[in-house]
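Structure at a glance
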Amino acid sequence: MRIQNNISAMNALRNLGNTSNAQDSSMEKLSSGFRINRAADDAAGLAISEKMRAQIGGLGQASRNAQDAISLIQTAEGALDETHSMLNRMRDLAVQSANGTNQSEDRAQIQLEVQELLDQIDDIAEQTTFNDMKLVDGSFGQYVAEDEDLNAAGIIGDIGDNEATISGPTDSLNISTADLGGAGNVEKSYDSDGNLTGVTVDQAGTLGDLQDALSSEGYSMELSDDMARGTALESGADHDLNLTGGQDPLSFHIGAGADHDMSTNIANMDTNGLGINDLTVATATDATDAIADLDSAIESVSDQRAGLGAVQNRLEHTIRNLDTTRENLQAAESRIRDTDMAAEMAEMTKNQVLSQAGTAMLAQANMQSQNVLQILG
């Protein structure tokens with residue numbers, strides 16, 4: 001029998017310490033509700049769950065972003081609903097004015113209401129805002145992706161081997177072929193999203209004619225040093241004006257990732273953008289022309305509202321998908337990170353029993369050394 005080293009007591013003490021540590025760990029998991037409270041608990045699980053937490057938070061914010069985007073779209077669409085109503089009323093007035101039963105005094109009274117409605121359309125375009133952003137005044141008009149090789153500030157015209165830099169709004173480009181000095185055609189091209197991507201001029205005339213025509217539309221055309229205003233545009237040849245830059249579109253971040261966004265454009269919906277800024281019904285002929293102009297304006301507003309409605313529907317589907325994805329990802333993160341309370345309670349109960357047993361065995365081991373005293377009698 002030895003008293004210098006009580007191996008039984010040391011063994012009982014070691015096991016009791018391990019049991020105590022396990023019991024502390026179980027208590028921490030049960031009190032926090034998390035299976036992983038520090039990296040040492042599960043290093044790989046911690047890394048995976050933290051990545052999931054970042055995605056879950058991003059998905060929640062993206063859902064709120066999409067809801068805000070819907071509110072913006074509804075604000076713009078509501079304004080255009082009123083614009084539609086006024087355009088239809090003006091069309092009715094134009095039809096009334098076109099009738100031969102009216103005298104000039106009658107048409108003058110009709111024109112008064114038409115002008116008030118025109119002014120109100122401009123007011124709507126100017127005053128419709130969301131978070132202090134004007135929505136239907138062309139601020140988010142047609143947009144074309146920037147080309148690093150070209151001038152991102154406006155339009156580049158490649159005419160022959162030379163370049164002409166054209167800057168100005170990109171939501172509309174109305175060039176009369178007559179303004180370009182001869183017969184021909186001016187066509188605008190659009191992508192599948194309705195964005196203006198280019199203008200093709202099949203036109204006789206000169207660069208000066210084109211410069212003047214663009215100037216009348218609010219554009220500034222700068223010719224390079226080796227280009228003269230008298231440079232002829234070949235009759236029957238295509239001269240492409242490729243757009244770059246322009247107004248930024250409305251961009252909505254609707255996902256957890258860096259590139260999870262969508263964009264849309266809202267054209268200029270004031271009287272100038274709709275082509276009715278100088279609308280008059282002062283004569284029967286003017287009234288007849290006004291009917292055609294109003295039909296075109298109504299179609300433009302209808303197209304814009306349809307586009308906004310499509311965007312809203314897409315956003316609503318996006319919100320449902322984001323919420324479903326977030327729910328499933330949260331469930332996956334919970335399985336990795338959260339404590340299984342029932343299993344952990346069973347583990348803690350086991351550790352409590354082992355702790356009591358270990359304490360009792362340590363007491364027994366300590367009593368063994370006292371038996372040596374009986375030999376000394």
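All values reported here derive from a predicted model rather than from experimental measurement.

1. Examining the overall build of the protein
The secondary structure content of the protein amounts to 7 helices and 16 strands. Here the protein, with 377 residues, has 37% of them falling under the buried criterion. For the protein, the accessible area works out to roughly 20,500 Å², and carbon and sulfur atoms hold 46% of it.

2. Structural notes on the packing of helix H1 (residues 7-32) against helix H6 (residues 341-370)
Across the interface, H1 lies against H6 with an axial gap of 8 Å and an inter-helix angle of 155°. Comparing the axis directions of H1 and H6 gives the class roughly antiparallel. For the pair H1 and H6, the sense of crossing is left-handed. Of the residues that constitute the contact of H1 with H6, the class distribution is 14 nonpolar, 11 polar and 3 charged.

3. Side note on the nonpolar core
Leu87, Met90, Phe252, Ile276 and Leu315 are the most contacted members of the largest nonpolar core, which totals 45 residues. Contributing elements (two or more residues each) for this core: helix H2 (43-98), helix H3 (104-127), strand E14 (250-253), strand E16 (266-268) and helix H5 (284-337). Beyond its immediate stretch of four places on either side in the chain, phenylalanine 252 contacts Ala69, Leu72, Ile73, His260, Asp261, Met262, Thr264 and Val311. Within the second largest apolar cluster, 10 residues are counted, among which are Leu46, Leu59, Ala62 and Leu329.

4. So, unusual backbone geometry
The residue asparagine 131 is not glycine, and still its phi comes out positive at about 55°. Residues other than glycine seldom take positive phi values, yet aspartate 132 does so here, at roughly 65°. By secondary structure assignment, the location of aspartate 132 is in the loop between strand E1 (129-130) and strand E2 (133-134). Given a relative accessible area of 74%, aspartate 132 falls into the exposed group.

Thresholds applied
- Residues numbered from 1 in each chain as written.
- Predicted model: local features only at pLDDT ≥ 70, side-chain atom pairs only at ≥ 80, totals over all residues.
- Heavy atoms only, no water.
- Helix = DSSP H or I, 4+ residues; strand = E, 2+ residues; numbered from the N terminus.
- Buried < 20%, exposed > 50% of the residue type's maximum accessible area, 1.4 Å probe, protein only.
- Areas by Shrake-Rupley, 256 points an atom, 1.4 Å probe, with all protein chains shown as cover.
- Axes fitted to C-alpha atoms, helices over the stretch in contact; angles between N-to-C directions.
- Parallel < 35°, antiparallel > 145°, perpendicular 65-115°, else oblique.
- Left-handed = near helix turned anticlockwise from the far one by under 90°.
- Nonpolar A, V, L, I, M, F, W, Y, C, P; charged D, E, K, R; others polar.
- Core = buried A, V, L, I, M, F, W, Y, C linked by side-chain atoms within 4.5 Å.
- Contact = heavy atoms within 4.5 Å.

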